[in-house]
Amino acid sequence: MAKSNPFTFIQQVRSEAAKVTWPTRKETAITTVMVFVMVVLASAFFLLADQLMSWGIGLLLGVGG
């Protein structure tokens, strides 16, 4: 692998960083809220699924009910 000049490397890094499209504050806030909503929905779903499986296994094994 060829050695690269540190000055050239830094120029290339700055050039690539300039090409990045950063999200706006509004886009970041909306995405964050969407993530939290999905976490709550997923948590509720897995809680319900766990409770149903626990209830079903309890019925099969004759424990509780």
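Treat the numbers as computed from the prediction; the structure is a model and nothing was measured.

A. Local environment of the environment of Gln12. Examined against the element boundaries, Gln12 turns out to sit in helix 1 (residues 6–18). In this structure Gln12 comes out as partly exposed when scored by relative accessible area, which is 48%. Taking C-alpha positions, Gln12 is 49 Å from Leu47, a pair spaced 35 residues apart along the chain.

B. Quick peek at a nonpolar patch on the surface. Residues Met53, Ile57, Leu60, Leu61 and Val63 make up a contiguous nonpolar surface patch of about 590 Å² in total accessible area. Within the fold, Leu61 resides in helix 2 (residues 25–61).

C. Examining the pattern of salt bridges more closely. If you walk through the whole model with that rule in mind, you get 1 salt bridge. As a salt-bridge pair, Glu16 and Lys19 come within 3.1 Å of each other at their nearest N and O atoms.

D. The arrangement of helix 2 in detail. Spanning 37 residues, helix 2 covers 53 Å between terminal C-alpha atoms, matching the ideal 54 Å at 1.5 Å per step. Positioned one or two residues after helix 2, Gly62 has a phi angle of 75°, which is positive.

The rules behind each value
- Residues numbered from 1 in each chain as written.
- Predicted model: local features only at pLDDT ≥ 70, side-chain atom pairs only at ≥ 80, totals over all residues.
- Heavy atoms only, no water.
- Helix = DSSP H or I, 4+ residues; strand = E, 2+ residues; numbered from the N terminus.
- Buried < 20%, exposed > 50% of the residue type's maximum accessible area, 1.4 Å probe, protein only.
- Patch = residues over 30% accessible without salt bridge, like charges linked within 9 Å, V, L, I, M, F, W, Y side chains within 5 Å.
- Areas by Shrake-Rupley, 256 points an atom, 1.4 Å probe, with all protein chains shown as cover.
- Salt bridge = Lys/Arg side-chain N within 4 Å of Asp/Glu carboxyl O.
- Expected span 1.5 Å × (residues − 1).

These values are about where atoms sit, not about what they do.
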